[in-house]
Each structure stands twice: as structure tokens, then as C-alpha cells.
Amino acid sequence: MFMTWSMKPDPVSPRSDSSSTSSVKELRPRVRTRNGCNTCRRRRVKCDESRPACTRCQRSKNRCSYELQLQWEDEMRTAGKCHGRTGVQSRRHSVQHPPANDGEFQLLTRARRKDMTHRQRDIGSVAIRSPPNANSPLPATPSSRVAYYTHYENWKSATTISRPVPLLPWSLGVPDVDDVCLSFYNSVMCAVGVTVDDERFNPLRSTVMRLVFRTETAYYAVLMASAHYLRSVESRFELMEIQIRSRVLRGLRRALMKEDLDWEDLLVPTIFLCSSAISNSCDGSWVKHLACFQLIVREMAHGHRNAPPVPQFFISYFSAHLVLAKSLFSIDDILPVGEIPTSPSNPNWTNTDKVSWTTTKDLVKVMPADTFHEIDVWNGLSSHMLLLINEILSLKHDAQALRHQSSDPSTPQLAVQQKHAEIRDKITTLETSLATTTQIIPVSLYKNRSSAEYGHGFRLLKSTSEAYRLAAYLLLSEAVSPHFLGYTPAPTQSLEELRDTAQRAQYVDRIFHLANYVVSSVDHLPISWPLWPLFIASCCCSRVEESRALQIFRTARDKAPYENIPRAQTLVELLWERRDMQTESDNSLRVGRFEWESAMESLGWQTSFA
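About the criteria used
Residue positions within a chain follow its written sequence, with the count starting from 1. Predicted model: local features are reported for residues with pLDDT of at least 70 only, side-chain atom pairs are reported and counted for 80 or more only, and whole-chain, interface and lining totals are derived from all residues. Hydrogen atoms and water are omitted, and side-chain values are computed over all heavy atoms in the structure. UniProt positions are given in the numbering used here, feature names are shortened, and annotations may be inferred rather than shown by experiment. Each helix is a run of DSSP H or I of at least 4 residues and each strand a run of E of at least 2, with the numbering of both proceeding from the N terminus. In these notes, a set of buried Ala, Val, Leu, Ile, Met, Phe, Trp, Tyr and Cys residues joined through side-chain atoms within 4.5 Å is what counts as a nonpolar core. Exposure is judged per residue with a 1.4 Å probe applied to protein chains only, and the accessible area is read against the type maximum: over 50% gives exposed, under 20% gives buried, and values in between give partly exposed. Nonpolar side chains (Val, Leu, Ile, Met, Phe, Trp, Tyr) are joined into patches within 5 Å and like charges within 9 Å, using only residues with over 30% relative accessible area and no salt bridge. Exposure was quantified through the Shrake-Rupley algorithm and a 1.4 Å probe, taking into account, for residues, occlusion by the shown protein chains and nothing else. When a carboxyl oxygen of Asp or Glu is within 4 Å of a side-chain nitrogen of Lys or Arg, the pair counts as a salt bridge. The charge count treats Lys and Arg as positive and Asp and Glu as negative. His and the chain ends do not count. By convention, the point assigned to a charge is CZ for Arg, NZ for Lys, CD for Glu and CG for Asp. A fitted line through C-alpha atoms serves as each axis, taken over the contacting stretch for helices, and the angle formed by two N-to-C directions is quoted from 0 to 180°. Convention used here: angles under 35 degrees read as roughly parallel, angles over 145 as roughly antiparallel, angles from 65 to 115 as roughly perpendicular, and any remaining angle as oblique. Less than a right angle of anticlockwise turn of the near helix away from the far helix marks a crossing as left-handed, whereas a clockwise turn marks it as right-handed. Note on contacts: a residue pair qualifies if any of its non-hydrogen atoms lie within 4.5 Å across the two residues. Throughout this entry, Asp, Glu, Lys and Arg are counted as charged residues, while Ala, Val, Leu, Ile, Met, Phe, Trp, Tyr, Cys and Pro are counted as nonpolar. The remaining residues, Gly among them, count as polar. Each aromatic pair joins two rings of Phe, Tyr and Trp (for Trp, the six-membered one) with centres within 6.5 Å, and gets the label stacked for planes under 30 degrees apart, edge-to-face for over 60, and tilted for any other angle. Grid spacing is 1 Å over the protein atoms alone, the probe is 1.4 Å, and a cavity is where that probe fits but cannot get out, while a pocket is an open set with protein on both sides within 12 Å along at least five of seven lines and lining residues have an atom within 4 Å of a point. Grid points are joined across faces, edges and corners, and a volume is the space filled by probe spheres set on the points. Polar contact is defined as a pair of N or O atoms within 3.5 Å, subject to the rule that within protein one atom must be able to donate a hydrogen and the other to accept it, and that residues adjacent in sequence are counted only when both atoms are side-chain atoms. Note: pLDDT gives the predictor's confidence per residue, expressed from 0 to 100. Counting rule for disulfides: a pair of cysteine sulfur atoms within 2.5 Å.

What to know about the UniProt feature "domain: Zn(2)-C6 fungal-type" (unreviewed entry) in the protein
Move 1: Using the residue numbers shown here, the UniProt feature "domain: Zn(2)-C6 fungal-type" (unreviewed entry) corresponds to residues 36-66.
Move 2: A distance of 8 Å separates the end C-alpha atoms of residues 36-66, which is 39% helix and 0% strand.

Structure follows, in C-alpha cells:
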């Protein structure tokens with residue numbers, strides 16, 4: 001585990017006749033450079049320090065930079081990097097003195113440890129003293145963990161643990177895993193994961209639990225998801241989760257190696273691995289799981305697959321994560337446009353055919369047309385609204401393409417003017433669609449609409465979907481700014497309405513009201529709670545509304561263990577501080593990028609936060 005240095009000289013070989021000078025040279029410590037690029041230093045690998053990009057980063061296609069890295073002093077102290085060994089002692093003290101009761105947990109979560117490990121620690125890093133801020137949230141308290149521990153204890157005392165499914169050929173044969181994890185998933189996780197827990201239309205039950213009977217990897221993925229949650233309240237599930245996760249990864253690897261891909265073997269483990277990376281550790285590796293959705297779009301949107309269609313739950317999950325993540329970074333840079341493989345059923349296709357798989361034109365082909373305007377119980381917004389957001393985000397590409405055309409002397413001025421007109425027409429169309437679109441409660445849920453519980457769930461769904469619509473409007477208003485487009489577009493009625501400061505303030509106020517209603521109305525936040533609308537509204541709010549936004553974030557953190565909530569709050573606060581210090585020239589350099597994207601890059605959270 002540890003490396004030790006010995007001051008005793010090595011025994012001299014009888015064949016050695018080297019002089020004393022050579023012996024001194026051998027004992028001389030090796031000088032190691034610390035001026036490598038940020039990526040190589042983070043990965044702890046040798047860097048040849050080539051400029052502008054080192055050879056290793058060019059070969060692995062990583063982003064190579066030698067920029068100065070900023071680091072907050074309080075985080076460096078926790079990592080033991082300033083004020084002597086204060087941070088090391090503090091961390092050691094926290095290990096030696098665990099919480100007094102089982103409901104209190106270590107504040108140093110895995111995501112924070114990973115963040116501190118990945119930050120640059122040697123030269124090239126600058127410690128910044130965190131300024132006192134009256135609006136800054138108080139340090140996280142164990143109250144939310146206590147609430148979840150109580151929730152688990154109530155379930156365990158009120159539930160007779162029994163297998164929700166019969167014994168299967170691939171059961172592990174361990175009661176704590178098979179019986180407890182399956183029962184917990186069926187009784188607790190399925191109920192709290194969605195806003196309206198309908199026995200027939202809850203996708204965690206109606207879709208995932210059915211696949212448990214049919215595929216081994218789906219069964220192990222469900223056990224893994226339950227063990228991951230249960231390990232926060234009982235330590236005996238930590239080793240279980242690691243062991244089950246290894247089975248899930250092996251099953252997923254075998255499924256990917258098959259010549260004919262079977263969606264049932266791929267989707268359930270992929271979704272649970274993706275969800276675990278986002279909600280529990282904020283691991284940026286979740287983006288790689290979108291490659292599974294890329295295959296689905298390529299197969300379904302272009303008629304290349306004759307197998308049964310992919311269940312709607314998986315389309316909803318991946319499409320929402322894909323589109324909303326595009327508001328934070330470019331998915332196409334990480335998962336570039338692929339090629340369509342040649343198929344016997346499609347002999348006219350060639351490997352040179354390209355698939356622009358993130359466009360609205362292709363995404364709409366994998367979404368069912370009969371439920372296009374219905375609110376998805378898993379995501380909290382309709383497919384139509386999601387595609388409108390995707391179209392708004394396509395303005396990023398339009399602005400960057402226009403900037404390239406304008407800077408190219410060979411481009412005719414008429415082509416630039418035509419591009420201006422196309423962007424103006426797209427903005428007008430999007431503004432009209434957002435003002436007139438309607439999102440409705442799924443017709444399949446209206447059978448029990450007289451129930452008080454269902455009525456409350458319907459109100460939560462409508463509040464969440466309306467928050468997404470208003471956030472999309474704010475996103476569009478940010479996209480029409482001169483800093484984003486790179487020029488000042490000619491005034492139109494739509495542009496004037498989007499730039500109306502009073503109307504923007506009303507939308508921010510309404511989003512805060514809706515988000516607070518959802519957060520305060522439930523004991524456990526569902527997956528579909530409006531975090532993205534709250535984030536967009538917080539980025540667009542005035543200084544007067546900052547404390548209101550922080551209060552909603554604090555309340556949400558007390559009701560959900562999702563680690564992307566504190567990250568969203570941290571990013572919003574950093575954006576506010578940068579905005580206070582920023583000059584007009586700083587904003588002029590972000591054509592095709594939102595203001596929060598540059599703030600997120602300074603934290604190194606391009607993919608993990610999303």
C-alpha cells in the first residue's frame with residue numbers, strides 16, 4: 001500500500017567496478033517535471049509537454065491545456081494542500097469520529113472526494129479564498145440522510161419482506177440480495193421514482209420488472225440499483241453492490257459482443273448504470289452510455305431494424321438526458337456522427353452514409369406520435385416540448401456556423417444575410433410554438449382521476465411540465481442575445497417579447513413558484529422534479545431573487561440524495577459571482593455558448609453535472 005525509501009546502500013555486486021562518482025550518481029534522486037498539461041497531470045501520466053497539445057492527448061483525443069487552474073482554498077484545506085496538514089488532520093478526524101447515530105453520514109461524499117482528486121494540485125493551481133457570502137448555503141447537514149434513514153426504517157418495519165418475483169434460474173440464492181433488494185425496489189424505488197405511481201403505467205414496474213423475468217442482466221441491474229440505495233443506510237450492502245455490479249458489467253459486455261444486438265439485454269443495465277453515475281456520484285462517464293441511444297436512433301430512425309420496437313420508457317429516458325445535456329455541452333463532440341452499417345435488408349446503404357442523430361428530424365422518428373403532446377410521467381414534460389428545447393439548442397450550431405461564414409472573406413455577403421434571415425425565422429417559429437403549445441395529462445391515467453392521490457400527482461405533473469415550458473422560453477431569450485448570436489438581429493415582435501425584462505422576470509418568478517410547490521409537496525423528490533427549469537431560472541434571475549433560488553435548492557437537498565442538486569447550486573452561485581466581476585468584453589467571446597457553460601468549464605464539470 002505504501003512506498004518506503006531506504007537509506008541503506010544496496011549490496012555491491014562482485015562484478016561492479018564502478019567508481020564512487022557513479023555510486024553517487026545512482027543515489028541521486030530522479031528529477032520529475034511538474035509542468036505537464038492539465039490532462040496528463042490529472043491522469044498522473046508522463047507528458048512530453050508539446051504545444052499546443054501534447055502527443056498523449058492528441059493520441060487519446062483528450063482536451064489538452066496548460067491554463068492556470070483555480071482552486072478554492074476551503075477545498076484545498078480539506079484535501080490537505082494548504083496550511084500544513086490541517087486538511088489531512090481534519091479528514092483523519094472525520095474518519096476516527098463517525099456520526100453518533102446511523103442516520104448521520106459522512107459529509108465528504110464520493111463525488112466531492114473525486115472532485116478534489118481531479119483538481120490540479122501542484123504548480124499551475126491557485127488557491128482562492130472563498131469570500132463570505134450572506135446568500136451562500138450553510139454546510140450540508142445530515143438531516144436529509146436522517147430523513148432517508150427514517151424512510152428506510154419505516155419501510156422495513158411496515159413491510160413483510162418477500163420476493164416480488166418467483167425464483168428465477170439466475171437468482172443469486174442469497175436472501176439479503178434476492179429477497180431484500182427485489183422487495184425494496186418493488187415497494188420503495190418504484191413508488192418514489194415517479195410523480196404518479198400507477199401500477200400499470202409506472203415504467204419501473206410495467207417495463208423493467210417484466211424484463212427481470214426475461215433477461216439475466218436486467219435482473220442483476222435491478223439488484224444493483226437497490227443495493228446502491230440501501231448501502232447508504234446499511235453498510236452490509238456495499239460489498240453486495242460491488243459484486244452485483246461486476247455481474248452487470250459482464251452481462252453487458254457479452255450482450256455488446258453479440259452479432260445481433262438485443263435491446264432487452266442492453267437497455268436496463270445501461271439505464272441503471274447511467275442513473276447511478278448521474279444521481280449518486282456525478283460521474284461524467286454517463287455520457288458514454290448515450291452511445292446505446294445512438295444505436296437506437298440509427299436503427300429505428302432509418303428503418304434498419306426489423307425487431308420489435310424499443311419500449312417507450314427507454315426512449316423517454318435517453319432522449320431527455322440527451323437534449324437537456326446539450327444545454328450544457330456539445331454531445332456531438334463526445335459522441336460524433338456515426339456511419340450506418342451495411343445491412344442485407346438495405347443493400348443500397350453504404351458505410352459513407354452519415355446519421356446526424358441528435359437532430360430533431362431524427363429524434364422525432366423514435367417517439368410515438370399518438371402520445372406526442374402527453375406529459376411523460378418519467379420526465380415531467382411532453383415529447384413535443386423536449387423537441388422544442390432541442391430546436392432552441394440547435395441555434396448554438398447556427399450561431400457558430402454564421403460566425404464562421406462572417407469571418408471567411410470568400411463568403412458572399414448575400415449568404416450571410418440569408419443565414420440571418422433563417423435564424424430570425426427559426427426564432428419567430430420557436431417563440432410562437434412555446435406560446436401556443438399544450439401539454440396534457442396522459443389519457444391512460446384518467447381512469448383514476450377521481451382519487452385524491454392521483455389528483456395531487458396530476459397537479460405535480462402539470463406544474464413540472466409548465467416549469468419546463470417557461471424555462472424553454474428563458475433559454476430562447478438567452479439564445480437571441482447579441483453575445484450568443486454574435487450580432488444584433490433586426491428587431492421583430494418576437495425578439496422584442498423575448499427581450500422584455502419584465503416578462504423574463506415574470507417567467508423566473510413563476511418557475512420558482514412551481515419548483516417550490518413540487519419540492520414542498522412531496523416527501524421524496526421524484527426523478528422528474530424540475531431541476532433543469534430551476535437551474536435555468538436561477539441563471540437568469542436578478543440579484544433580488546438569488547436568495548429565493550438558494551432556498552429552493554436547500555429544500556430540495558433535504559428531500560433527495562441526488563448529488564447533481566448541490567452541483568447545480570454551486571454552479572449557479574459561481575455564475576453569479578463571475579457575473580459581478582465580468583466585463584462586457586468577457587461576454588463578447590462566447591458566440592454559440594451560454595453564459596453558464598464557461599462557468600461550468602472553470603469547474604471541470606462539462607459532463608458530470610449534466
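So, next bit.
Considerations on the nonpolar core
Move 1: Ranked by size, the top nonpolar core spans 147 residues in total, and within it Phe293 and Trp529 carry the most contacts.
Move 2: The next biggest cluster of nonpolar side chains, apart from the first, holds eight residues, and it includes Val196, Ile375, Ile441 and Tyr454.

Some details on unusual backbone geometry
Move 1: Here the amide bond leading from Arg51 into Pro52 is cis, since omega sits at 0°, within 30 degrees of zero.
Move 2: Checked against the element boundaries, Pro52 lands in the loop between helix 2 (38-43) and helix 3 (55-60).
Move 3: You will see that Glu49, though not glycine, has its phi angle at about 60°, which is positive.
Move 4: As for its placement among the helices and strands, Glu49 is situated in the loop between helix 2 and helix 3.
Move 5: With relative accessibility at 29%, the residue Glu49 sits in the partly exposed group.

Examining a positive patch on the surface
Move 1: Positive charge collects at one region of the surface, where Arg247, Arg250, Arg253 and Arg254 lie side by side.
Move 2: Among the structural elements, Arg253 can be located in helix 11 (residues 236-257).

Observations concerning the packing of helix 13 (residues 290-300) against helix 14 (residues 312-325)
Move 1: One way to put it is that helix 13 packs onto helix 14 with a least axis distance of 10 Å and a crossing angle of 110°. Relative to helix 14, the element helix 13 is oriented roughly perpendicular. When the axes of helix 13 and helix 14 are compared, the crossing they make is left-handed. Here helix 13 contributes Leu290, Phe293, Ile296 and Met300 to the contact with helix 14, which in turn contributes Ile315, Phe318, Ser319 and Leu322.

Looking at the side chain of Thr217
Move 1: Looking at the element boundaries, Thr217 is found in helix 10 (residues 216-230).
Move 2: Excluding residues within four positions of it along the chain, Thr217 makes contact with Gly251, Leu252, Glu264, Asp265 and Pro269.

A look at the environment of Ile511
Move 1: Looking at the element boundaries, Ile511 is found in helix 22 (residues 501-520).
Move 2: Along the chain, Ile511 and Glu466 lie 45 residues apart, while their C-alpha atoms are 8.1 Å from each other.
Move 3: Not counting residues within four places of it along the chain, the set of residues in contact with Ile511 comprises Ala467, Leu470, Ala471, Leu474, Pro533, Leu534 and Ala537.

Looking at the packing of helix 9 (residues 203-212) against helix 10
Move 1: Viewed as axis vectors pointing N to C, helix 9 and helix 10 meet at an angle of 120°, and their least axial separation amounts to 7 Å. If you check the angle between helix 9 and helix 10, you find them oblique. Contact residues: Val208, Leu211 and Val212 in helix 9; Ala218, Tyr219 and Val222 in helix 10.
Move 2: Of the residues contributing to the contact of helix 9 with helix 10, the split by class is six nonpolar, no polar and no charged.

Focus on the packing of aromatic side chains
Move 1: Counted under the stated rule, the structure contains 13 aromatic pairs.
Move 2: Relative to Trp378, the ring of Tyr317 lies with its centre 6.4 Å away and its plane at 40°, an arrangement referred to as tilted. Pair noted here: Tyr317 is in helix 14 and Trp378 is in the loop between helix 16 (360-363) and helix 17 (383-407), with a separation of 61 residues, a long-range link.
Move 3: Here the aromatic cluster, defined as three or more aromatic residues joined through ring pairs, consists of Phe293, Phe313, Phe314, Tyr317, Phe318 and Trp378.

What about the pattern of salt bridges?
Move 1: Under the definition given, this model contains 16 salt bridges.
Move 2: Lys365 serves as the salt-bridge partner of Asp362, at 4.0 Å between the closest nitrogen and oxygen.
Move 3: By relative accessible area, Asp362 is classed as buried at 3%.
Move 4: A relative accessible area of 45% means that Lys365 is categorised as partly exposed.
Move 5: Residue Glu478 pairs with Arg504 through a salt bridge whose shortest N-O separation is 3.1 Å. Highlighted residues: Glu478 in helix 19 (residues 452-479) and Arg504 in helix 22, separated in sequence by 26 residues.
Move 6: A relative accessible area of 18% means that Arg504 is categorised as buried.
Move 7: Ionic contacts of the salt-bridge type, sharing partners, join the residues Asp398, Lys419, Glu422 and Lys426 into one network.

Things to note about empty space enclosed by the protein
Move 1: Inspection of every chain in the model, using the stated rule, returns one cavity of 30 Å³ or more.
Move 2: Computed from the structure, the largest cavity encloses a volume of approximately 70 Å³.
Move 3: Mapped by element, the contributors of at least two residues to the lining of the largest cavity are helix 14 and helix 17.
Move 4: Counting residues per element, the lining of the largest cavity draws most heavily on helix 14, which supplies four residues.
Move 5: Partitioned by chemical class, the residues of the lining of the largest cavity number four nonpolar, six polar and one charged.

Structural notes on the environment of Asn379
Move 1: Note that Asn379 resides in the loop between helix 16 and helix 17.
Move 2: A residue is classified by how much of its surface remains accessible, and Asn379, at 11% relative accessible area, is buried.
Move 3: The sequence separation of Asn379 and Ser465 amounts to 86 residues, and the corresponding C-alpha distance is 8.9 Å.
Move 4: Discounting residues that sit within four places of it in the chain, Asn379 has contacts with Ser316, Tyr317, Ala320, Tyr468 and Ser528.
Move 5: Within the local environment of Asn379, its side chain forms a polar contact with the backbone oxygen of Ser316, the two atoms lying 2.8 Å apart.

What to know about the confidence of the model for the protein
Move 1: Overall, the predicted model of the protein reaches an average pLDDT of 75, with 70% of residues at or above 70.
Move 2: Taken together, the stretch residues 1-32 has pLDDT below 50 and engages in one contact with residues farther than four places along the chain or on a different chain.
Move 3: Between residues 71-79, whose pLDDT stays under 50, and residues either more than four places distant or in other chains, the model counts 35 contacts.

What about the state of the cysteines?
Move 1: All told, the structure shown has zero disulfides when counted by the stated rule.
Move 2: Take Cys54: it sits in no disulfide, and the sulfur closest to it among the cysteines is that of Cys57, at 3.4 Å.
Move 3: The class for Cys57 is buried, based on a relative accessible area of 1%.

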